Amino acid sequence: MIQAWSLTQPEWTCKIDEGSAGIAYSRWSPDSRHILTTSDFQLRLTVWSLLNTACVHVQGPKYGSKGVSFTKDGKYAVICTRRDCKDYVNLLSCHAWKIMGVFAVDTLDLADIEWSPDDNAIVIRDSPLEFKVLIYSPDGRCLSKYQAYESGLGVKSVSWSPCGQYLAVGSYDQMLRVLNHLTWKTFAEFMHLSTVRGPCRAAVFKEVDEPLHLDMSELCLSDEFLQGNSDVSEGHFRVMYEVTEVPISLPFQKPPSDKPNPKQGIGLMSWSKDSRYIHTRNDSMPTALWIWDIHHLELAAILVQKDPIRAAAWDPTCTRLVLCTGSSHLYMWTPSSAYCVSNPLPQFNITDLKWNSDGSCLLLKDKESFCCASVPLSLESSEYSSDD
């Protein structure tokens, strides 16, 4: 069952019940006037109107939580389906929610689909068992087919730059490849090596615990107090970044060869608002976040955390990156600095985060609770630590 409420009209409520079909996943439409639900076992995708009781069904969506993408202007949508062992792309009009066209794609097992930011192209990545990235026009013409190699596991992640001129492709061979939108050829390749050597102009920020030494020699404290508060006598710690020189060896985890879905390759990737920077995480080095400068085609910074990086998100209004590791701290990077911010809520570990559309608020998630945080731009100081 799905329930929806209006923030401006508290008396308005909505309840969607698929009955025996069940609901595996739900998402908003771009106009916020429709809700799309996928039933259990991907039997159908249903578009529910919040203005009236009308609903539209699309039979046999391939996935529950992915395989659906909207244009930036919200006028069109593509939905992936599969029948007779063949993948198809359905083009829908979001005005009447009618299928405008269906075309087959050259994939073995389509993994995901995404519109370009300028709405002129659709990128499709194939199964991880084969390296294949396909670029289609909305009318079904194949504009380009990119295949970096043939043997081995293939594409793990794909991301358009906000300007629409670059397409980043992360793969299981621990490389990031960037394609241009004119010829769909690669113009940059970035390796993620466990040892970073010079010459390298990148700043390396390493998370460390700095002890706070308290001088209590002149305080009159009883022995009972000191015994019951041993951490006071031993000192507290604050979390901060320490600038490290290259060469540096990053913690590396070799994935087992006898298990499926190996933790290696570029599993986390996202562009900054101005399309100048892109951050990546090589899953075999989960505690390191790489930040690449596309204008200079070089590594800009590496953030080395104590714990594996759970999530990272760019500020939608400026060049500022926020990440979390499941600890009680929030970590930020800008082209001029990096710093750690302490979360004031007790026993609140940040496992995921997300910006709102105008960058005024940051949603921080724990396992059973969440909070909204305001992060002003005035925090751009390299002196910030967990105490500030």
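Not measured: the values here are computed from a predicted model.

1. Things to note about the overall build of the protein
Per the secondary structure count, the protein includes two helices and 33 strands. Judged by the C-alpha coordinates and their principal axes, the protein covers about 80 × 60 × 45 Å. Residues classed as buried in the protein amount to 49% of the 388 residues present. Excluding contacts between residues fewer than 6 apart, the proportion of contacts in the protein whose partners are at least 24 apart in sequence is 43%.

2. Quick look at the confidence of the model for the protein
On average, residues of the protein carry a pLDDT of 90, and 91% of them reach 70 or more. The least confident element of the protein, judged by mean pLDDT, is helix H2 (residues 230–234) at 43; the most confident is strand E24 (residues 277–282) at 98. Scored below 50 in pLDDT, residues 229–234 makes five contacts in the model with residues more than four places away or belonging to other chains. Segment residues 378–388 is flagged for pLDDT under 50; beyond a separation of four residues in sequence, or across chains, it makes 25 contacts in the model.

3. Considerations on the packing of aromatic side chains
Taken as a whole, this structure holds 13 aromatic pairs when the rule is applied. Geometrically, the ring pair formed by Trp160 and Trp184 is edge-to-face, given 5.9 Å between the ring centres and 75° between the ring planes. Here Trp160, found in strand E15 (residues 155–160), pairs with Trp184, found in the loop between strand E17 (175–180) and strand E18 (186–191); they are 24 residues apart in sequence, far enough to count as distant. Both residues of the pair, Trp160 and Trp184, belong to the buried class. On the basis of an interplanar angle of 20° and a centroid distance of 5.7 Å, the ring pair of Tyr166 and Trp271 is categorised as stacked. Here Tyr166 is found in strand E16 (residues 166–171), whereas its partner Trp271 is found in strand E23 (residues 266–271), with 105 residues between them in sequence. Assigned by exposure class, Tyr166 and Trp271 land together as buried. Grouping aromatic residues by their ring pairs yields a cluster made of Phe131, Tyr146 and Tyr149. The ring of Tyr63 has Lys66 sitting right over it, with the charged end atom 4.6 Å from the ring centre. Over the ring of Tyr88 we find Arg83; its NZ or CZ atom is 4.0 Å from the centre of that ring.

4. Digging into the sheet that holds strand E14 (residues 142–146)
Read across the sheet, four strands follow the order E11-E12-E13-E14 without closing on themselves; strand pairing throughout is antiparallel. Edge positions in the open sheet fall to strand E11 (112–115) and E14, since each of these has one partner strand only. On average, each strand axis in the sheet is inclined to that of its neighbour by 15°, with strand direction left out of account. In terms of strand pairing, E11 meets strand E12 (residues 122–125) through four bridges, oriented antiparallel. The residue of E12 that forms the bridge with Asp112 is Arg125.

5. Details of the pairing of E15
Counting buried residues along E15, six of its six residues qualify, which places the element largely inside the surrounding structure. In this sheet, E16 lies alongside E15 in antiparallel orientation, the contact comprising five bridges. Of the residues in E16, the one forming a bridge with Ser157 is Gly170. Hairpin connection from E15 to E16: five residues lie between these consecutive antiparallel strands, with Gly164 at a positive phi of about 80°.

6. Examining the nonpolar core
Burial of nonpolar side chains together is a common tendency in soluble globular proteins. Among the nonpolar cores identified, the biggest contains 23 residues, and Leu176, Val178, Leu250, Ile278, Trp290 and Ile302 are the most heavily contacted of them. Put simply, the parts of the chain that give this core at least two residues each are E16, E17, E18, E23, strand E25 (288–293) and strand E26 (298–304). Ignoring any residue separated from it by four or fewer positions in sequence, one finds Leu176 in contact with Ala168, Val169, Ala188, Glu189, Phe190, His192, Met269, Ile278, Thr280 and Trp292. Listed in part, the 18 residues of the second largest apolar core include Leu268, Tyr277, Ala301 and Cys340.

7. Thoughts on the sheet that holds strand E31 (residues 352–355)
Pairing in this open sheet of three strands is antiparallel, and the strands run E31-E32-E33 from one edge to the other. Every other strand in the sheet has two partners, leaving E31 and strand E33 (370–373) as the edge strands with one partner each. Across the sheet, the axes of successive neighbouring strands diverge by a mean angle of 20°, strand direction being ignored. Relative to strand E32 (residues 362–365), E31 runs antiparallel, the two sharing four bridges. Opposite Lys354, over in E32, you have Leu363 as the bridge partner.

8. Section: the pattern of salt bridges
Summed over all chains, the structure comprises 18 salt bridges. Its salt-bridge partner being Asp283, residue Arg281 comes within 2.9 Å of it at the nearest N-O pair. Arg281 sits in the buried class, given a relative accessible area of 15%. Within this structure, Lys62, Arg82, Asp87 and Asp109 form a network of salt bridges that share partners.

9. Observations regarding the environment of Ser6
The residue Ser6 is located in the loop between strand E1 (2–5) and strand E2 (13–16) in this model. Of note is the side chain of Ser6, whose polar atom sits 3.3 Å from the side chain of Thr8. At a separation of 3.0 Å, a polar atom in the side chain of Ser6 contacts the main-chain amide nitrogen of Gln9.

Rules used throughout
- Residues numbered from 1 in each chain as written.
- Predicted model: local features only at pLDDT ≥ 70, side-chain atom pairs only at ≥ 80, totals over all residues.
- Heavy atoms only, no water.
- Helix = DSSP H or I, 4+ residues; strand = E, 2+ residues; numbered from the N terminus.
- Buried < 20%, exposed > 50% of the residue type's maximum accessible area, 1.4 Å probe, protein only.
- Contact = heavy atoms within 4.5 Å.
- pLDDT = per-residue confidence, 0-100.
- Phe/Tyr/Trp six-rings, centres within 6.5 Å; stacked < 30°, edge-to-face > 60°.
- Lys NZ or Arg CZ within 6 Å of the ring centre and 35° of its normal.
- Pairing = 2+ DSSP bridges.
- Axes fitted to C-alpha atoms, helices over the stretch in contact; angles between N-to-C directions.
- Core = buried A, V, L, I, M, F, W, Y, C linked by side-chain atoms within 4.5 Å.
- Salt bridge = Lys/Arg side-chain N within 4 Å of Asp/Glu carboxyl O.
- Polar contact = N/O pair within 3.5 Å; in protein donor to acceptor, adjacent residues only side chain to side chain.

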